[in-house]
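Letter by letter, the chains look like this.
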Amino acid sequence: MSRPIILYTGQWADLPIEKMCEKTKSFGYDGLELCTWGDHMEIEKADQAYCDKKKALLKKYGLDVYAISTHLVGQCVCDAIIDERHKEILPDYIWGDGNPEGVRQRAAEEIIKTGKVAKMLGVDTVVGFTGSPIWHMFYSFPAIPTGMIEKGYEEFAKRWIPILDEFQKLGVRFALEVHPTEIAFDIHTAHLALQAVDNHPAFGFNYDPSHLGYQHVDYVRFIYEFSDRIFHVHMKDVYWSDVPTEVGVYGGHAEFGDNRRYWNFRSLGRGKINFENIIRALNDIGYKGPLSVEWEDNGMNREAGAIESYHFVKKVDFKPSDVAFDKAMKKSNK
């Protein structure tokens, strides 16, 4: 094994954090990426004593914390439409009266607090979503007037640069998970997002190949395109159909796991992502951070899947070579 193998707790937040630690240790993992919902990391309660207590709990089980994640609150910072979907994922103190602009401002304040909590925990990466003022325009009908997309990226920058400035002061980075519904969801839009924030040093990406794969975006090329901006890595697999299906790439309002869908997330090694090529690319760019298993598979028991995924990552990950194999054949080495 070359890098720490950790488990992202976002899909396990129904379990108390100590139970999650017990299970994670029994599964074999080196540590956790803590989500900021459930009791895994409660931002509103998190002072230094709280953070020290969390770290001590993980240490009790031989685990470390490598990152914290704020996907749910981050989504609300610059979404154009704030509605019941957001209410379902937000703490009451951020939702408040539901006034959209108030929600966005409170969400932004919470992200800054999350950066401070990361600093108190001793981690340098916050993973999450940004939301998007223009995702509802992802399909160009009605035709999008000239300048509307550009204005959307300006809006994103206006809302996120103040957050990123605070992160930079703290020595913490924000890693956007490139994903549909976010300001960046493929290679092109990731470039646009970076340009919008003027290549802010605190802004980069959480690399998750699954969200690129089912869109038929070159997920290995993404690593090389953004070699200095891969701040974190989610290991997640996805399967897509080779034949026409009843429900297309946009999901057709069908639930995850529905076998009529064109694509569904799968446990690691059971989908179509080529992790061999991903590891080689990560080695090429010198990525030394953790490999965080984000386990999602509605057709499989999650504990069996988490154990299987740990062993899959342990097998597929390897250190880069420190010598050229053909060097020993040269006369100069005799």
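Quick caveat, the model's predicted, so the values are computed rather than measured.

**Considerations on the overall build of the chain**
And then number 1: Across its full length, the chain carries 12 helices and 10 strands.
And then number 2: Reported as C-alpha extents along the three principal axes, the dimensions of the chain are approximately 70 × 50 × 45 Å.
And then number 3: Looking at the chain as a whole, 52% of its 334 residues are labelled buried.
And then number 4: In the form shown here, the chain has an accessible surface area of approximately 15900 Å², with 52% of it arising from carbon and sulfur atoms.

**Focus on helix H2 (residues 48-60)**
And then number 1: Helix length check: H2, at 13 residues, gives a terminal C-alpha distance of 18 Å against a target of 18 Å (1.5 Å per residue), a fit within 8%.
And then number 2: Looking at H2, one finds that the buried residues are Tyr50, Cys51, Lys54, Leu57 and Leu58. Looking straight down H2, one finds that the buried residues subtend no more than 120° of arc, so they occupy a single side. Across from the buried face of H2, at angles greater than 90 degrees, the exposed residues are Ala49, Lys53, Lys59 and Lys60.
And then number 3: Of the surrounding secondary structure, the elements contacted by the buried residues of H2 are helix H1 (17-27), strand E2 (31-35), strand E3 (64-69) and helix H6 (100-121).
And then number 4: You can read the cap of H2 off the contacts: a side-chain oxygen lies 3.3 Å from the backbone nitrogen of Ala49, and it is on Asp47.

**A short note on the pairing of strand E6 (residues 203-207)**
Two faces belong to every sheet, and in a regular strand the side chains alternate between them.
And then number 1: Burial analysis of E6 places five of its five residues in the buried class, the great majority of the element.
And then number 2: As defined by bridge partners, strand E5 (residues 173-177) adjoins E6 across four bridges and the pair is classed as parallel. Bridged to Ala175 within E6 is Gly204.
And then number 3: Note on the crossover from E5 through helix H8 (residues 187-196) to E6: the handedness is right-handed.
And then number 4: When E6 meets strand E7 (residues 230-235), the two strands line up parallel, connected through three bridges. By the bridge assignment, Phe205 is partnered in E7 with Ile230.

**Some details on unusual backbone geometry**
And then number 1: The omega torsion across Phe141 and Pro142 is -5°, close enough to zero to call that bond cis.
And then number 2: With respect to the element layout, Pro142 can be found in the loop between strand E4 (125-128) and helix H7 (148-170).
And then number 3: Within the chain, Asp198 stands out as a residue other than glycine whose phi angle is a positive 55°.
And then number 4: Within the secondary structure, Asp198 sits in the loop between H8 and E6.
And then number 5: Taking the relative accessible area as the measure of exposure, Asp198 reaches 64% and is therefore exposed.

**Describing the packing of H1 against H2**
And then number 1: For the pair H1 and H2, the least separation of the axes is 9 Å and the interaxial angle reads 30°. Taken together, the axes of H1 and H2 are roughly parallel relative to one another. Regarding H1 and H2, the two cross each other, and that crossing is right-handed. Within the contact between the two elements, H1 uses Ile17, Glu18 and Cys21 and H2 uses Lys54, Leu57, Leu58 and Lys60.

**Quick look at the sheet that holds E3**
And then number 1: Read around the closed barrel, the eight strands follow the order E1-E2-E3-E4-E5-E6-E7-E10; overall the barrel is parallel. The sheet shows a mean angle of 30° between the axes of neighbouring strands, direction not considered.
And then number 2: Alignment of E7 against strand E10 (residues 291-293), held across three bridges, turns out to be parallel. Paired with Val233 across the bridge in E10 is Leu291.
And then number 3: Contacts from H1 reach strand E1 (5-8) and E2, with the element oriented near 145° to E2.

**Here we look at the nonpolar core**
And then number 1: In this structure, Phe203, Phe205, Tyr207, Phe222, Met235, Ile278 and Val293 are the most contacted members of the largest nonpolar core, which totals 95 residues.
And then number 2: The biggest single contributor to this core is H7, with eight residues.
And then number 3: In this structure Tyr207 touches Leu212, Tyr219, Val220, Phe222, Ile223, Ile230, His232, Val233, His234 and Ile278, once residues within four positions along its chain are discounted.

**Brief notes about the packing of H6 against H7**
And then number 1: Their axes nearest at 9 Å, the elements H6 and H7 cross at an angle of 15°. Here H7 runs roughly parallel to H6, going by the angle between their axes. The element H6 and its partner H7 pack so that their crossing is right-handed. Between H6 and H7, the contacting residues are Glu101, Arg104, Ala108, Ile111, Ile112, Gly115, Lys116 and Lys119 on the first element and Arg159, Trp160, Ile163, Glu166, Phe167 and Leu170 on the second.

**Overview of the pairing of E5**
And then number 1: With four of five residues buried, E5 lies mostly within the body of the structure.
And then number 2: In the sheet, E4 pairs with E5 via four bridges, with the strands oriented parallel. Pairing of Gly128 across the sheet is with Leu176, part of E5.

The rules we used
- Every chain's residues receive numbers from 1 upward, in the order its sequence appears when written.
- In keeping with the predicted nature of the model, local features appear solely for residues at pLDDT of at least 70, side-chain atom pairs appear and are counted solely at 80 or more, and the whole-chain, interface and lining totals rest on all residues.
- Values reported for side chains reflect all heavy atoms of the structure, with hydrogen atoms and water molecules removed beforehand.
- Helix numbers and strand numbers start at the N terminus; a helix is a DSSP run of H or I with at least 4 residues, a strand a run of E with at least 2.
- Relative accessible area decides the class of each residue, using a 1.4 Å probe on protein chains only: under 20% of the type maximum gives buried, over 50% gives exposed, and in between gives partly exposed.
- Under the convention used here, a 1.4 Å probe and the Shrake-Rupley method define accessible areas, while residue burial counts only the protein chains that appear.
- For a helix, the expected span equals 1.5 Å multiplied by the number of residues minus one.
- In this description, the arc belongs to the directions extending from the helix axis to the C-beta atoms.
- Only heavy atoms matter for contacts: two residues are in contact if any of them lie within 4.5 Å across the pair.
- In protein, a polar contact requires one atom able to donate a hydrogen and another able to accept it; more generally it is a pair of N or O atoms within 3.5 Å, and residues adjacent in sequence count only if both atoms are side-chain atoms.
- Strands were regarded as paired on the criterion that DSSP finds at least two bridges between them.
- If you view a crossover with the strands going away from you and the path from the first strand over the helix to the second runs clockwise, you call it right-handed.
- Axes here refer to lines fitted to C-alpha atoms; in helices the fit is confined to the stretch in contact. Angles between the N-to-C directions go from 0 to 180 degrees.
- Roughly parallel here means an angle under 35 degrees, roughly antiparallel means over 145, roughly perpendicular means 65 to 115, and every remaining angle is called oblique.
- The handedness criterion is simple: a crossing whose near helix is rotated anticlockwise from the far helix by less than a right angle is left-handed, and one whose near helix is rotated clockwise is right-handed.
- Buried Ala, Val, Leu, Ile, Met, Phe, Trp, Tyr and Cys residues form a nonpolar core when they are joined through side-chain atoms within 4.5 Å.

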